[in-house]
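Here's the letter readout for the chains.
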Amino acid sequence: SCPALISPRYRLPVLGLAGLGWVVSVVLGLRYAGARHAGRLDAVVIHQVHVAVGDKGWVAALLALPSSPPLVWASIGLTLLLALLGRRWEFAALVVLGPALAVTLVELVGKPLVDRRLDGYLSYPSGHTVSTVSALTLAMLGLAAGAPIVRRVLALVVWVVISGSVMVGLVGMNYHYPTDTVGGLCVALGILLPAAVLVDVLAARRVRPDVADPAAGASPDRVAHPLS
């Protein structure tokens, strides 16, 4: 059978993390609904980011690069290919549907409801962050599933570094307020983590062999007659 994306012993904490993500995203959405300028916290973070990586400078652009659609689609495509080669059909379906669902909910529901704007554009939650974190989360889960602890820790570190870098880059490029990126991160985890748990449950049911009840003994109609 295929290794679980999320070990059964970690499912409850992971679902708790996803629930916390939804709480944070909703609270931030309510706090900044209808806003047209940076809040106090955002202003402080924006200043620090601009000091560190510049205002629309090349460093900020480089950090935000993984959020570009070609790289996001490339990540999804490679993850899908690995899932198909491993005959992990449920995971393959999640790779295709998960990011699409997350981005669709953000663009068609989340942003219009919150109606927070940056330079006239709807900004909360960050669709760049949602798409990037969704694709990256699925890639890391696929690579880490059933792997030794060192590889799993390395996958987590890579996830943290790339996700954090993209969030900083988006702020540095003035594409989003910092809290937009936090909201996008939380929405992505709130959707993808429970979906990964569901995929594991469905995959386990598909590959579980049918085991006859040992107490019932051999069925007479299954015992071949010696003269038949």
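Model, not experiment: these values are computed from the prediction.

Before we move on, could you go through helix α6 (residues 127-144) and cite the residues and values that matter?
Between its first and last C-alpha atoms α6 spans 25 Å; for 18 residues at 1.5 Å apiece the expected length is 26 Å, and the two agree. For α6, the capping residue at the N-terminal end is S126, with a side-chain oxygen 3.4 Å from the backbone nitrogen of H128. Looking at the residues trailing α6, positive phi occurs at G146, about 70°.

Account for the environment of G77, naming residues and giving values.
With respect to the secondary-structure elements, G77 resides in helix α4 (residues 69-85). In this structure the C-alpha to C-alpha distance between G77 and A135, which are 58 residues apart in sequence, comes to 9.5 Å.

Help me get a handle on a nonpolar patch on the surface, residues and values and all.
On the surface, L78, L81, L82, L85 and L143 cluster together into a nonpolar patch covering about 520 Å² of accessible area. No other element matches the 4 residues that α4 contributes to the nonpolar patch. Residue placement: L81 occurs in helix α4. You can call L81 partly exposed: its relative accessible area is 44%.

Go over the side chain of S131, please, and point to the residues and values.
Relative to the helices and strands, S131 is located in helix α6. Residues contacting S131, with those up to four places away along its chain left out, are V72 and V103.

Lay out the nonpolar core in plain terms, naming residues and giving numbers.
Judged by nonpolar contacts, the single largest core of 37 residues is most densely connected at L5, I6, F91, L94 and W159. Taken together, the elements giving at least two residues each to this core come down to α1 (11-31), α4, α5 (89-114), α6, α7 (149-172) and α8 (178-207). At 11 residues, α8 tops the list of elements feeding residues into this core. The contact partners of L5, leaving out residues within four places of it in the chain, are R88, F91, L94, L141, G142, A145, A196, V199 and D200. Counting 11 residues, the second-largest nonpolar core is a separate cluster that includes V53, V166, V171 and M173.

Conventions we followed
- Residues numbered from 1 in each chain as written.
- Predicted model: local features only at pLDDT ≥ 70, side-chain atom pairs only at ≥ 80, totals over all residues.
- Heavy atoms only, no water.
- Helix = DSSP H or I, 4+ residues; strand = E, 2+ residues; numbered from the N terminus.
- Expected span 1.5 Å × (residues − 1).
- Polar contact = N/O pair within 3.5 Å; in protein donor to acceptor, adjacent residues only side chain to side chain.
- Patch = residues over 30% accessible without salt bridge, like charges linked within 9 Å, V, L, I, M, F, W, Y side chains within 5 Å.
- Areas by Shrake-Rupley, 256 points an atom, 1.4 Å probe, with all protein chains shown as cover.
- Salt bridge = Lys/Arg side-chain N within 4 Å of Asp/Glu carboxyl O.
- Buried < 20%, exposed > 50% of the residue type's maximum accessible area, 1.4 Å probe, protein only.
- Contact = heavy atoms within 4.5 Å.
- Core = buried A, V, L, I, M, F, W, Y, C linked by side-chain atoms within 4.5 Å.

Function-wise, these values are silent; they only describe arrangement.
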